[in-house]
Amino acid sequence: MSIILMIALAGLFPGAAPADGSPEVVWQVPRLGQVSSEPVLGPNGLFYLAAGNKLIVVDGSGRKLLEAAGSTGSAPSRPVFDAYGSIFLPGSSLIQEIKLNGSKGWTFAVYQDESNSKNWLSAGPGKLLYLPLSGALYAVDTVGHYKWVMLQWESLDAYRSEAVTKRKVLACAGNEKAVFVVLSEGKDKSSLIAVNGEGRVLWRYWLGEVSSANLVTGSEGIVYLSVNPNKIDDLNKGRIYAFDSSGDGKPLWSYSLPYNNLTAPTPTSHGLVYFCAGERLVVLNQADGREAGWQKFYKAISRPAVDEVSRRIYLGTEDNRLVAVSPQLRLEWDMELDGKVSQRPLTGPDGYIYVVTDTGTMYKIKDQAALSTGE
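Conventions we followed
- Residues numbered from 1 in each chain as written.
- Predicted model: local features only at pLDDT ≥ 70, side-chain atom pairs only at ≥ 80, totals over all residues.
- Heavy atoms only, no water.
- Pairing = 2+ DSSP bridges.
- Helix = DSSP H or I, 4+ residues; strand = E, 2+ residues; numbered from the N terminus.
- Core = buried A, V, L, I, M, F, W, Y, C linked by side-chain atoms within 4.5 Å.
- Buried < 20%, exposed > 50% of the residue type's maximum accessible area, 1.4 Å probe, protein only.
- Contact = heavy atoms within 4.5 Å.

Student: It is not clear to me how the sheet that holds strand 31 (residues 353–356) should be interpreted in this structure. Could you clarify?
Tutor: Sheet strands associate in pairs through backbone hydrogen bonding, adopting either a parallel or an antiparallel arrangement. Spatial strand order, 1-32-31-30: 4 strands in an open sheet with antiparallel pairing. Edge strands, defined here as strands with exactly one partner in the open sheet, are strand 1 (24–29) and strand 30 (346–347). When strand 30 meets strand 31, the two strands line up antiparallel, connected through 2 bridges. Paired with Leu-346 across the strands is Tyr-354, a residue of strand 31.

Student: Sorry, what's going on with the pairing of strand 25 (residues 291–296) here?
Tutor: Note on strand geometry: in a regular strand, side chains alternate between the two faces of the sheet. Here strand 24 (residues 280–285) pairs with strand 25 via 5 bridges, running antiparallel. Across the sheet, the residue bridging to Val-283 is Gly-293, located in strand 25. Connecting strand 24 to the next strand, strand 25, in antiparallel fashion are 5 residues, including Gly-289 with a positive phi near 75°.

Student: Explain the nonpolar core here, please?
Tutor: A general feature of soluble globular proteins is that nonpolar side chains tend to end up buried together. If you look at the biggest cluster of nonpolar residues, it comprises 18 residues, and the most contacted ones within it are Phe-180, Val-182, Leu-192, Leu-207, Ala-213, Leu-215 and Leu-225. For this core, the secondary structure elements donating two or more residues are strand 14 (168–174), strand 15 (179–184), strand 16 (190–195), strand 18 (212–217), strand 19 (222–228) and strand 20 (238–244). Among residues more than four places away in sequence, those in contact with Leu-192 are Phe-180, Val-181, Val-182, Trp-203, Arg-204, Tyr-205, Leu-207, Leu-215, Leu-225 and Phe-243. Listed in part, the 15 residues of the second largest apolar core include Trp-120, Trp-148, Met-150 and Val-169.

Student: What is the right way to read unusual backbone geometry from this model?
Tutor: Excluding glycine, residues mostly have negative phi values, and the peptide bonds linking residues are mostly trans. Located in the positive-phi region is Glu-279, a residue other than glycine, with phi close to 60°. Mapped onto the secondary structure, Glu-279 falls in the loop between strand 23 (272–277) and strand 24. Phi is positive for Leu-329, close to 65°, though the residue is something other than glycine. Following the sequence through the fold, Leu-329 ends up in the loop between strand 28 (321–325) and strand 29 (331–336). The exposure class assigned to Leu-329 is buried, which follows from its relative accessible area of 9%.

Student: Sorry if this is basic, but what is going on with the sheet that holds strand 23 here?
Tutor: In spatial order, the strands read 22-23-24-25; together these 4 strands make up an open sheet with antiparallel pairing. Each edge of the open sheet is held by one strand with a lone partner, namely strand 22 (266–267) and strand 25. Strand direction decides the pairing type here: strand 23 and strand 24, joined by 6 bridges, are antiparallel. What sits directly across from Leu-272, in strand 24, is Asn-285.

In structure tokens:
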């Protein structure tokens, strides 16, 4: 029986898993709300999730410690931490500090015309916080002090008498070199912009027609970008890019395929990049973007998580399953949960897997085989 056929059959029976090395639920925490970010392990060993305008904190024993009210507005991106125990969430044209005990700290707010962009926030060069909005980029330090603002995303902004209402921020990420922002101004006009710690545009790369995007910073200053067009045709395809933060804005490589549901890429320490698209798990070489392999997994939708020790890959599915995949892209097991898994699972330093379903339940799962063999 072929591997693809076995995988297809396994998809018909979600929850069926081999007897040896079967996964085990250690604990689960229900009713967390509509979670809008993958679980994040904080520097204090606690787990943080954004749900609506709240920050939810869960400890390693599965106890929900607190719900901290953030700002109003649309669902925020993942929280940002500093080295001194504060947590930062973006809101509608603002940054909200939340203390480790759940109390609110400072708030930095600016006036901004209405936009339906998702709220984004990133750490970046100079250990500053960067708040990208449709009309400006703000830099703020971690005690809430305004540092600078860049009011022109492009040269034409200097001559506009009104705000660009169709402009959207699609993605944002930062490293010690720059902060990176994907902007869209409608059909056929999207770009990736790199800005340094003084508010100067380092480079810009035009992306064409893009409906959604995902940015991830990797090691050695490499930035990975996945983009999805509104429709697929001969000219418009989903694409993965790699950029050098210190380069001139020309991609190091790109890889395209005829899907428009590419997840964020997951770079690893062993020289590979993983992502999902079209119910496929795709593997690329980090060095040159060449395809290293792919396999179809029924209803797979989440960004892949990779255990750097065992190199086992974990995927969430639309039909309520967590899937474990070997480094050779073979199905190891799948487990049925209480809802769709659209957020990336988290592989903790303790070797366990932490998963949040779209119904608002967080799971801690023990992968018996991975923990016992390290394969």
